[in-house]
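Breakdown of the fold
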Amino acid sequence: MYFRLGRVVFSLACSSKLQRTCSICLTAMKPGQGHAIFTAECSHSFHFHCITSNVKHGNQICPVCRGKWKEIPFQSPASDLPNGRSRINPADWPRDDAWTTVVRRLPSPRLDPTRQISSLFHTSEPGTFDDDEVLDLQHETTEENVFANDATKNNSIGALEVKTYPEVSAIPRATCHNNFAILIHLKAPHPSGGRSETMFSPTTQNSRAPVDLVTVLDVSGSMAGTKIALLKRAMGFVIQHLGPSDRLSVIAFSSTARRLFPLRRMTETGRQEALQAVNSLTSNGGTNIAEGLRKAAKVIGDRKCKNPVGSIILLSDGQDTYTVTSPSGAHSRTDYRSLLPEGSCIPVHAFGFGADHDASSMHSISDISGGTFSFIEAEGVIQDAFAQCIGGLLSVVVQEACLKFQCTHPNLVINSIKAGSYRTSMAADAKTGSIDAGDLYAEEERDFLVTVNVPIDESCDEMSLLEVQCIYRDPISKEIVSLEEANEVKIQRPTIIGQTVVSMEVDRQRNRLRAAEAMAEARSAAEHGDLTAAVSLLESCRRALSETISAQAGDRLCIALCAELKEMQDRMANRRVYESSGRAYVLSGLSSHSWQRATARGDSTNSTSLVQAYQTPTMTDMVTRSQTMFFGNPPQRKLRQTQSFPAHPEAR
């Protein structure tokens, strides 16, 4: 009995040291001491030189748990990785049949024999990523000029639309009204040609702003099997829908990160090489999101040429096993801001895959950069989620939009500017303000609420409140566009008025903001362990929304918000449910509402889903393509066309 008890104690003692001690040599295992560390797909870690020696004869069994590995570490005779680290080479990993079928269906162009396809594990990386493929500027300029002439001739491209709505149309002269709401509504113009489908046609791809896209893909051990096969298929869909003026770079990360593919134009040859690079992905090791982001920032920062639109797509299915400390070193909180491209506004659209991803970190990365966070709950919808994202990125029609407004009445002051995550500013005297609305996809909408304090004024029958102006950059011509006429907000000031009617447009946006605030408060309560309070907050908001005039009028946005709040309540039923899906679902919802941009969560990409706010027609079209077509074949069926929720209701 004593011996068996001693064995148990010894086993537990060993278990507690697994994270700090190599189980082969039994010495300390700490990064930064000159020893590379290998983390296997079973999550056990070893000194790299110890495990490579242990498996050099082909042994694929973990020395600790005896689990069989699909991939083994291999010591290369001449490592070209920094700091003397060795590569991790795949073991005998079977190629996914479904994926190879996709590749075979693609056209097989004549590859340049002098051009080598990048391999994740078998080629060295340059010190500077200035090897991006040069853009065909002369060809693009010619195409753009032709397109611009056609656009002017056919009037197919309109200007950014700006509308304003006061909370009520009249206030009695002898009455003041604090926190009076004014809605400023933006709507981006239609895509070139007037239809979203034409934006993705090979014959018209030069009529839109080309993109530089860097994809950062998790290939850690937990991605093995179905996950990585579906990721390859989703990447194949993305590659097929990029045009010859678009450029793509692919970065894979696990315990470290590697650039598989430099920024290269997606010509027929470029697409084929990109597909072969993606098909080389194998899963192994830990989850170093920080290193993947560093590599992406380097690709963006070092490029010689720049397309008008730039973006990073990040996908991960696991917890970040590495930390990045703040520059001061005062604390160990991850500082993702330091990993993003310096001096550029490149959004990172993050996708959390499955129940075990690091939702808080992924949301933080996307929010800091101006991107969105999507929660891919079911493995099978990864392609739809990517499709929705690129449906937007391939339809940017407005860049650097900036709203400026000033009080026109001498006694009027701005009280607040409610713009979600968009940057705002207000002068010290509260007479002027601005909102940086960023880039807009084709037909995408933005709604901002500005509140002012309306004073008593018995000197006039009509009062001017605000004057709103907007400037933005055309991504194709690169010219700054200033809307010629300022939008002036006026209200009537009669002596006596009857019953006031609140603007439906203002009411529905108040509902959206109220719901977003309730989601944020509920998330905070849940993170502090009080799920009961979190559910109560969501339920109270749901009841309040149901009593508003827009809800009683059957407003679609209000119905969708109530459905979303109810879904979040269900996902906060207990700690297990919240940890597995609730947190990610709430964070994805907050991301969507704060940026007023579509994210994937649950079945939100499906045309029958109520939780489908902000999806533009180009996004809908791309998701339809994802759900109804095979590579090289036209769509087999057409899903119901949906409208973006910010679309204003018809007059009643």
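Residues numbered from 1 in each chain as written. Predicted model: local features only at pLDDT ≥ 70, side-chain atom pairs only at ≥ 80, totals over all residues. Heavy atoms only, no water.

1. Quick look at the pattern of salt bridges
Here is the rule: By definition here, a salt bridge exists when the distance from a side-chain nitrogen of Lys or Arg to a carboxyl oxygen of Asp or Glu is within 4 Å. Working definition: helices are DSSP H or I runs of at least four residues, strands are E runs of at least two. Numbering for both runs from the N terminus. Classification of residues uses two cut-offs on accessible area relative to the type maximum, computed with a 1.4 Å probe and protein chains only: under 20% is buried, over 50% is exposed, and between them is partly exposed.
Tallied over the entire structure, the rule returns 32 salt bridges. With its nearest N and O atoms 3.0 Å apart, the salt bridge here joins Arg-294 to Glu-291. Of this pair, Arg-294 and Glu-291 both sit in helix H7 (residues 289-302), three residues apart, which is roughly one turn of the helix. Assessed through its relative accessible area of 39%, Arg-294 is described here as partly exposed. Where Arg-543 meets Glu-539, a salt bridge forms, and the shortest distance between an N and an O atom there is 3.6 Å. Taken together, the positions of Arg-543 and Glu-539, both in helix H11 (residues 531-546) and four residues apart, correspond to about one turn of that helix.

2. A short note on the sheet that holds strand S3 (residues 161-166)
Here is the rule we go by: A pair of strands is considered paired only if DSSP assigns at least 2 bridges between the two. Working convention: axes come from line fits to C-alpha atoms, limited for helices to the stretch in contact. Angles between N-to-C directions cover 0 to 180 degrees.
With antiparallel pairing, four strands are arranged side by side in an open sheet as S3-S4-S15-S12. Sheet topology places S3 and strand S12 (413-418) at the edges, where each strand pairs with a single neighbour. Here the strands of the sheet are splayed against their neighbours by 25° on average, with no regard to which way each runs. Two elements, S12 and strand S15 (residues 445-454), share five bridges in a ladder whose sense is antiparallel. Looking at S15, one finds that Lys-418 is bridged to Leu-449.

3. Points about the pairing of strand S7 (residues 257-265)
Two faces belong to every sheet, and in a regular strand the side chains alternate between them. Counting buried positions along S7 yields nine of nine residues, so the element is predominantly enclosed. The pairing of strand S6 (residues 247-253) with S7 spans six bridges and is antiparallel. Paired with Ile-251 across the bridge in S7 is Arg-259. The antiparallel pairing of S6 with S7 creates a hairpin that spans three residues between the two strands.

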